[in-house]
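Breakdown of the fold
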Amino acid sequence: MKRTRLHIEQWNRKEHYQFFSSFDEPFFGIVTEVDFTKGYHIAKEMNTSHFLYYLYCSLKAANTIDEFRYRLEDDAVYVYDQIHASPTIGREDHSFGFSFVPFHDDFEVFEATAKKEIALVQDSEGLRFNEDAKRLDTIHYSSIPWYTFSGLTHARNYSHTDSVPKISFGKYKKDGDRVLLPVAIYVHHGLMDGYHIGLYLEKFQLLLDKYKYTGI
């Protein structure tokens, strides 16, 4: 959990950070779709879960962008060297629990770790709101596999300082020969802008099409 304090005085977004951090709701979000056509077939050829495939690609893309690794803590901004996944995992009784899946650049290692964590959650009860679920060096992920969406909101506790990005995926859908995956992204506006979400989406798409892509 290595991190470095950001020198706000030298930051070109100093005023943006101070302005949006004073808001009751400093998060902003977008809802869009990514082309999951190639990723859908790659996951099938690899005999792996579509969810784990796009979760891995999303997390790897986010790790390449500094702003997705910025976090607020004790009135300061820190940059984590690496961030991990904290996805909600569903159970057969239709409840869910929080989980922690560490990032690993090797997909097979990431997949094996994620499967173990998923099994633990599915064999447990309650939210599992433990210390791992409270970690700042994560992205809060959720998957809504029952339907597509064109909008999404999150439950928020405004008395609690929050800066962890939230990424949700919907049910992918067929559009002719294409497979489209809905994705909703909510981030702290004091830490990043729409430009940085655009960078994430561009890199996410590259990795979905070829997860071993090394150009980023």
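Quick notes on the rules
- Residues numbered from 1 in each chain as written.
- Predicted model: local features only at pLDDT ≥ 70, side-chain atom pairs only at ≥ 80, totals over all residues.
- Heavy atoms only, no water.
- Salt bridge = Lys/Arg side-chain N within 4 Å of Asp/Glu carboxyl O.
- Buried < 20%, exposed > 50% of the residue type's maximum accessible area, 1.4 Å probe, protein only.
- Phe/Tyr/Trp six-rings, centres within 6.5 Å; stacked < 30°, edge-to-face > 60°.
- Helix = DSSP H or I, 4+ residues; strand = E, 2+ residues; numbered from the N terminus.
- Core = buried A, V, L, I, M, F, W, Y, C linked by side-chain atoms within 4.5 Å.
- Contact = heavy atoms within 4.5 Å.
- Pairing = 2+ DSSP bridges.
- Axes fitted to C-alpha atoms, helices over the stretch in contact; angles between N-to-C directions.
- Patch = residues over 30% accessible without salt bridge, like charges linked within 9 Å, V, L, I, M, F, W, Y side chains within 5 Å.
- Areas by Shrake-Rupley, 256 points an atom, 1.4 Å probe, with all protein chains shown as cover.
- UniProt positions renumbered as here; feature names shortened; annotations may be inferred.
- Parallel < 35°, antiparallel > 145°, perpendicular 65-115°, else oblique.
- Left-handed = near helix turned anticlockwise from the far one by under 90°.
- Nonpolar A, V, L, I, M, F, W, Y, C, P; charged D, E, K, R; others polar.
- Expected span 1.5 Å × (residues − 1).

Side note on the pattern of salt bridges
- Applying the stated criterion to the full structure yields 14 salt bridges.
- A salt bridge links K134 to E131; the shortest N-O distance between them is 3.6 Å.
- The partner of K166 in a salt bridge is D162, and the shortest N-O contact between them spans 2.8 Å. D162 carries the same exposure label as K166, and that label is buried.
- Overlapping salt bridges, with partners in common, bring together D132, R135 and D137 in one network.

Quick word on the packing of aromatic side chains
- This model, assessed by the stated rule, comprises 21 aromatic pairs.
- Their ring planes at 80° and their centres at 5.7 Å tell us that W11 and Y70 sit as a pair that is edge-to-face. One end of the pair, W11, is in the loop between strand 1 (3-5) and helix 1 (14-21); the other, Y70, is in strand 3 (residues 70-73), and 59 residues separate them in sequence.
- With relative accessibility at 10%, the residue W11 sits in the buried group.

Topic: the environment of L55
- Relative to the elements of secondary structure, L55 occurs in helix 3 (residues 50-63).
- L55 sits 29 residues away from P26 along the chain, and the two C-alpha atoms are 25 Å apart.

A short note on the nonpolar core
- Membership of the largest hydrophobic core comes to 46 residues, with the highest contact counts inside it found for F68, I167, F169, Y200 and F204.
- Here the element with the most residues in this core is helix 3; it accounts for 10 residues.
- For F204, the residues in contact, after removing those within four places along its chain, are V34, Y54, C57, S58, A61 and F169.

Observations regarding the sheet that holds strand 1
- As summarised here, the arrangement of the 3 strands in space is 1-4-3, forming an open sheet in which the pairing is antiparallel. Whereas interior strands pair on both sides, the edge strands pair on one side only; in this sheet they are strand 1 and strand 3. The sheet shows a mean angle of 35° between the axes of neighbouring strands, direction not considered.
- Pairing analysis gives 3 bridges linking strand 1 to strand 4 (residues 76-80), with the strands arranged antiparallel. Bridge pairing in strand 4 places R3 opposite Y80.

Considerations on a nonpolar patch on the surface
- Together, F96, L127 and F129 give the surface a local cluster of nonpolar side chains, amounting to about 310 Å² of exposed area.
- With respect to the helices, strands and loops of the structure, F129 is situated in the loop between helix 4 (107-122) and strand 7 (138-144).
- For F129, a relative accessible area of 53% translates into the label exposed.

Quick word on the UniProt feature "active site" (unreviewed entry) in the chain
- UniProt marks H189 with the feature "active site" (unreviewed entry), using the numbering shown here.
- Among the structural elements, H189 can be located in the loop between strand 10 (178-188) and helix 5 (194-209).

Examining the packing of helix 3 against helix 5
- In contact at an axis separation of 8 Å, helix 3 and helix 5 are set at 135° when each is read in the N-to-C sense. Compared by their axis directions, helix 3 and helix 5 come out oblique. In this structure, the crossing between helix 3 and helix 5 has a hand that is right-handed. Facing helix 3, whose interface residues are Y53, Y54, C57, S58, K60, A61 and A62, helix 5 presents Y200, K203, F204, L207 and L208.
- The residue makeup of the contact of helix 3 with helix 5, split by class, is 9 nonpolar, 1 polar and 2 charged.

Observations concerning helix 5
- With 16 residues, helix 5 extends 23 Å from end C-alpha to end C-alpha; this agrees with the ideal 22 Å at 1.5 Å per step.
- If you check which residues of helix 5 are buried, you get H196, I197, Y200, L201, K203, F204, Q205, L207 and L208.

Side note on the pairing of strand 8 (residues 166-170)
- By the criterion of burial, strand 8 is predominantly enclosed, with 5 of the 5 residues buried.
- Burial of strand 8 is two-sided: the residues K166, S168 and G170 facing one way and the residues I167 and F169 facing the other way are all buried.
- By the bridge criterion, 5 bridges tie strand 7 to strand 8 in an arrangement that is parallel. By the bridge assignment, H140 is partnered in strand 8 with K166.
- In this structure, strand 8 lies alongside strand 10, joined through 4 bridges in antiparallel fashion. Residue pairing across strands places S168 opposite A184, the latter belonging to strand 10.

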